Amino acid sequence: MARMVETARDHTLSINAIRMLALDAVEQAKSGHAGMPMGMAPAAYVLWTEFLKHNPRDPRWFDRDRFVLSAGHGSMLIYSLLHLSGYDLPMEELKRFRQWDSRTPGHPEYHHTVGVETTTGPLGQGISTAVGMALAEKKLAAEFNREGHRVVDHYTYVLASDGDLMEGVSGEASSLAGHLRLGKLIVLYDDNNISIDGSTELAFTEDVLKRYEAYGWHTVRGVHGEDLEAIRKAIREAQADPRPSIISVKSIIGYGSPLAGHHKAHSDAMGPEKVAATRETLGWAYAPFEIPQAVYDDYRRALPKGEAAQAEWERRLEAYRQAFPELAAELERRIAGKLPEGWHRALPGFTTGEKMATRASSGKVLERIVPALPELIGGSADLTPSNNTRTPDMTDFSDANPVGRYVRYGVREHAMGAALNGITLHGGLRPYAGTFFVFSDYMRPAIRMAAIMGVPTVFLFTHDSIAVGEDGPTHQPVEHLMSLRAMPNLWVIRPAEANETAAAWRMALERKDGPVALVLTRQPVPTLEHADPEGVLRGGYVLSDVENPQAVIVATGSEVALALEAQSLLAEQGVRARVVSLPCWEAFEAQDPAYRESVLPKNLPTVSVEAGATLGWERYADKSIGLDRFGASAPYAVVYKELGFTRERVAEAVKSLL
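Residues numbered from 1 in each chain as written. Predicted model: local features only at pLDDT ≥ 70, side-chain atom pairs only at ≥ 80, totals over all residues. Heavy atoms only, no water.

Taking an unreviewed UniProt entry as the reference, the protein chain is identified by name as Transketolase belonging to Calidithermus terrae. Word for word, the UniProt comment on the protein chain under Subunit (unreviewed entry) is "Homodimer." (UniProt positions renumbered as here; feature names shortened; annotations may be inferred.)

**Student:** A description of the side chain of His266 should follow, citing residues and the corresponding values.
**Tutor:** By the element assignment, His266 lies in the loop between strand S5 (245–250) and helix H10 (272–282). For His266, a relative accessible area of 13% gives the class buried. With residues near it in sequence (within four places) discarded, His266 still touches His33, Ala34, Gly35, His73, Ile196 and Ile253. (Helix = DSSP H or I, 4+ residues; strand = E, 2+ residues; numbered from the N terminus. Buried < 20%, exposed > 50% of the residue type's maximum accessible area, 1.4 Å probe, protein only. Contact = heavy atoms within 4.5 Å.)

**Student:** Explain the nonpolar core residue by residue, including any values.
**Tutor:** Counting 80 residues, the largest nonpolar core has Ile369, Trp505, Leu518, Ile553, Val609 and Phe645 as the members making the most contacts within it. Structurally, this core is a two-domain feature, drawing no fewer than three residues from each of domain 2 (343–527) and domain 3 (537–656). Those residues in contact with Leu518 that sit more than four places away from it in its chain are Val458, Phe459, Leu460, Phe461, Ile493, Ala504, Trp505 and Ala508. (Core = buried A, V, L, I, M, F, W, Y, C linked by side-chain atoms within 4.5 Å. Domains from an automatic or database assignment.)

**Student:** Mind laying out empty space enclosed by the protein, listing which residues take part and the relevant values?
**Tutor:** Within the structure shown, the criterion is met by two cavities of 30 Å³ or more. The calculated volume of the largest cavity comes to roughly 100 Å³. Forming the boundary of the largest cavity are 15 residues, of which His54, Asp65, Tyr87, Gly115 and Glu117 lie nearest the centre. Tallied by class, residues from the lining of the largest cavity come to seven nonpolar, three polar and five charged. Each pocket or cavity is described by its volume, and for the second largest cavity that value is around 40 Å³. As for the second largest cavity, its lining consists of Phe67, Val68, Leu69, Ile78, Pro108, Val116, Glu117, Thr118 and Thr120. In terms of residue count, the dominant contributor to the lining of the second largest cavity is strand S1 (residues 66–69) (three residues). Taken together, the residues of the lining of the second largest cavity sort by class into six nonpolar, two polar and one charged. (1 Å grid on protein atoms, 1.4 Å probe; cavity = no way out; pocket = protein on both sides within 12 Å on 5 of 7 lines; lining within 4 Å. Points joined across faces, edges and corners; volume = space filled by probe spheres on them. Nonpolar A, V, L, I, M, F, W, Y, C, P; charged D, E, K, R; others polar.)

**Student:** How would you sum up the packing of aromatic side chains? Please name residues and give values.
**Tutor:** Counted under the stated rule, the structure contains 20 aromatic pairs. Here Tyr45 and Tyr299 contribute two aromatic rings whose centre-to-centre distance is 5.6 Å and whose plane-to-plane angle is 85°, an arrangement assigned as edge-to-face. Separated by 254 residues along the polypeptide, Tyr45 in helix H2 (residues 35–51) and Tyr299 in helix H11 (residues 293–299) bring together distant segments of the chain. By relative accessible area, which is 0% here, Tyr45 ends up buried. Measuring from centroid to centroid gives 6.3 Å for Trp48 and Tyr87, while their planes differ by 65°, and the two rings are edge-to-face. Placement of the pair is Trp48 in helix H2 and Tyr87 in the loop between helix H3 (75–85) and helix H4 (91–95), with a sequence separation of 39 residues. Among the aromatic side chains, those forming a connected cluster through ring pairs are Trp585, Phe588, Tyr595, Trp617 and Tyr620. (Phe/Tyr/Trp six-rings, centres within 6.5 Å; stacked < 30°, edge-to-face > 60°.)

**Student:** Tell me what's going on with the environment of Val187, and back it up with residues and numbers.
**Tutor:** Turning to its location among the elements, Val187 is positioned in strand S3 (residues 185–190). Separated by 419 residues in the primary sequence, Val187 and Thr606 place their C-alpha atoms 55 Å from one another. Here Val187 is in contact with Ile127, Val158, Ala160, Trp217, Ser245, Ile246 and Ile247, once residues within four sequence places are set aside.

**Student:** Run through the pairing of strand S2 (residues 156–161), naming residues and quoting values.
**Tutor:** The buried fraction of S2 is high, at six of six residues. Judged by which residues are buried, S2 turns out to be covered on both faces: Thr156, Val158 and Ala160 on one side and Tyr157, Leu159 and Ser161 on the other are all buried. Relative to S3, S2 runs parallel, the two being bridged by six bridges. Bridging from a neighbouring strand, Tyr157 pairs with Ile186 of S3. (Pairing = 2+ DSSP bridges.)

**Student:** Describe in detail the confidence of the model for the protein chain, supporting the description with residues and values.
**Tutor:** Residues of the protein chain with pLDDT of at least 70 account for 98%, and the chain-wide mean is 97. This model gives residues 1–8 a pLDDT under 50, and the stretch forms 12 contacts once residues within four places in sequence are excluded. (pLDDT = per-residue confidence, 0-100.)

**Student:** Describe the UniProt feature "site: Important for catalytic activity" (unreviewed entry) in the protein chain, naming the residues involved and giving the relevant values.
**Tutor:** Feature annotation in UniProt assigns "site: Important for catalytic activity" (unreviewed entry) to the following positions: His33 and His266. Sequence-wise these annotated residues cover 234 residues; spatially they are packed, their C-alpha atoms never more than 5.8 Å apart. With respect to the helices, strands and loops of the structure, His33 is situated in the loop between helix H1 (8–29) and H2. Excluding its chain neighbours within four sequence positions, the residues that come into contact with His33 are Val26, His73, Gly74, Arg98, His266 and Ser267.

**Student:** How would you explain the pattern of salt bridges if you had to name every residue and give the values?
**Tutor:** Tallying each qualifying case throughout the model produces 45 salt bridges. One salt bridge connects Arg19 with Glu226, and the closest N-O pair in it is separated by 2.8 Å. Within this pair, whereas Arg19 is found in helix H1, its partner Glu226 is found in the loop between strand S4 (218–224) and helix H9 (228–240), the two being separated by 207 residues in sequence. Its relative accessible area of 2% is what places Arg19 among the buried residues. Assessed through its relative accessible area of 27%, Glu226 is described here as partly exposed. Three or more residues are tied together by salt bridges with common partners; here these are Lys139, Glu143, Glu330, Arg333, Arg334 and Glu375. (Salt bridge = Lys/Arg side-chain N within 4 Å of Asp/Glu carboxyl O.)

**Student:** Could you give me a rundown of the sheet that holds S5, with the residues and numbers involved?
**Tutor:** The five strands lie next to each other as S1-S2-S3-S5-S4, forming an open sheet whose pairing is parallel. At either margin of the open sheet sits one strand with a lone partner, and together these are S1 and S4. For this sheet, the mean angle separating the axes of adjacent strands, direction not counted, is 15°. Of the pairings in the sheet, the one linking S3 to S5 comprises five bridges and is parallel in character. Residue pairing in the sheet places Tyr189 in a bridge with Ser248 of S5. In the packing of H9 onto the sheet, contacts are made with S2, S3, S4 and S5, and the angle to S4 comes to roughly 175°. (Axes fitted to C-alpha atoms, helices over the stretch in contact; angles between N-to-C directions.)

**Student:** Any details on the environment of Asn16? Residues and values, ideally.
**Tutor:** Tracing the chain through its elements places Asn16 in helix H1. In contact with Asn16, other than residues within four places in its own chain, are Leu282 and Trp284.

**Student:** Hey, could you go over the packing of helix H5 (residues 125–144) against helix H16 (residues 413–426) for me, with residue numbers and the actual values?
**Tutor:** Where H5 meets H16, the axes come as close as 6 Å, and the angle between the chain directions of the two elements is 55°. By the angle class used here, H5 and H16 are oblique. The two elements H5 and H16 meet at a crossing, and its hand is right-handed. When H5 is examined against H16, the residues Gln125, Ser128, Thr129, Gly132, Met133, Leu135, Ala136, Glu137 and Leu140 are found in contact with a partner set consisting of Ala418, Ala419, Asn421, Gly422, Ile423, Leu425 and His426. Taken together, the residues of the contact of H5 with H16 break down into eight nonpolar, seven polar and one charged. (Parallel < 35°, antiparallel > 145°, perpendicular 65-115°, else oblique. Left-handed = near helix turned anticlockwise from the far one by under 90°.)

Quick look at the structure:
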C-alpha cells in the first residue's frame, strides 16, 4: 500500500495535480477556464481534504456539507476534486471535458455530474443559491435537533469569484444572509483582482470586505493563496463565528503558467508551449492526465473518512429514533421527499358563485395545507398582504426564531428566486414565495436554473394582468405568460377561479421533476359551477359544453369567466360555442393526443382569450383576443373594456370564423 501523504512537498504535488488536470483538460478541449482552478487549487485542497464533510461513496448523504462552485466557469476544479477524491467520475470523463454526452460539461450541472450540488455558471447564482441551502440547514436544525441529539449539522461552503460578487443577485442574497445570521455559510472569495477584460481596477474598485461587514458578515482579509496554514486558520475562524463568513483568498490566476496573474489566463487553451512551460515551472514530471499514486492516496483518505462520518451520523440517527420516534419518522419522510399520505384531502372546496381573486383563494388553500404539510416554508418579496402567502399559523423565520415557516425576503426578487432553489436542493423543505407577476423578470435567471436542474421549486405570482389597473403599464404584465411558457421544463399554471386554484396547488406540490409558476389574479373572479379539478390536473378541459358545438372559446385565468359570458351571448344569437379552460399548457401537452383532440377538436374554429401577448396561441386557436401592446392606468374594469376584453368582441371573433 502506498504511503500516506503528509509532507509539504507532497501537499504541493496534490495541489499541482488539480492545476495540471485543469490545464490538460482545457488544452485537450481547446476551450475552458483553467486560470481559476490553478489559482484556487491550494484553498480547494485544504477545504476538501481537511474540512469538507462528505462521503464519495454516498454523495446524497443528507448531513454532508454542501460545496457550491459559484465560479462555475472553473468547472475543472470541481471535476478534479471529485475524481481525485473517489467519486464516480473516472479519468475518461475528465479527458472528455466539454464534449458531447460527457459528465464534465463546460459548467457544473446538477443531476448530471455526481457530487455537483447545484448548476452554476451564470455568475452570482451559485452563492445566492447557497444562501438558501444554509437557510434550510438552520431551519431543519432548529426544528429537529434536540439536546444531545444533533441530526442536522453541516456547513455550506462556496467558492466565489470577483464576477460573482459584482452581480447584483449576490449582493441581495448576501444582505439577506447577514440579516438572518446564517452562520453555517462560509465563502472562499477568489480575490485575484482579474476579470476577463483585465484588472478589476477597470470596473470594480470597492472594498468588498467592508461591504460584507456592512451586511453583517464575519470577514477575513487578505489570506495568501499559497499559505495553507493561513487558509486553515481562516476556515476555523469562520466555523467558530455565528455570522456568515467570507474569506478573501489572494490567489494568482493561472498560477505556475507563463500567463500567471494576467487576464489572458482566465479562459481558453494556452497552447502546447505554455503548457510545457507550466509543467517545468511546477516540476510536474507526468504526462497529460497522469496522476501519481501518492496523490490518489492523499485525496482518497476521503473514502474511509467519509464512510466513518456517515456511519457516526447513522448511529446518532438511530439513537434519535429511539428517543424521538415521531420526529425521526418525520425527518426521514422529509429527507426522502415524500408528501404525507392523503395530504391533498386538506385542500378546500369553494362555493359556486362566490367571487374572490385567485390570490385570495390561494391564501385560503394555504391556510388548509400548511398544517398538513409541515415541510412547506413560505415567503414574499415584501408583498405579503398582496400575495396572500402567509397564513395565521406561520411565524417568521429569523435568527431568534429559526423554526419559523415564513421568510421575509424583503425587496429582493433576484435573491429570493435563487434562495428558493437552494432550499429545494438542500432537501427536507418545500419552499414557495410570492411577488407581483411583472417582477418575474427579476427572478427569471433563478426560474431558468430551476427548470434546467429539474427541481420542484414553486414560484407564486399575483397581479397577473392588465387588471392591476391603476398602477399602470409598469406593473401590468403583458408578455410574461408567453415568455415563461417558452421556457423548457417550467409549468405555468393560471387558474380561472378558486377550485382551479386548489387543484393548481396540488399540481405544483406533486410535481417532482421541475418548477411551477402559479399565476394569480388581483381582481375578484366568480367561482364557476363546472370547474373540474381533475381537468386542471390534465392541463385543460371542457368547462362548459353544448350539443353539436360550432366553435370553441379557449381561455385561461380571469378570461375564462369572460369566455362564459361570450358563450351566453352567442347562444342568444343562435351560435353554439364550447368553452375550454386551459390553465396549464405544459400539462395539457403531456396528455395523449386523443384527450387533447377531445378537448380542442381540430375541425372546430377556435378563438383564444387571454389578457396578454397573443404570440403562441396559434398552437390552439384560429383567432386570438389578447394584448400586443402595453396596458394603461385606470380602474381595471375600464382598462379591460378600453382594450377590447368584452363579451361582444369575443362573440364577434367567433362569428367571424363561422
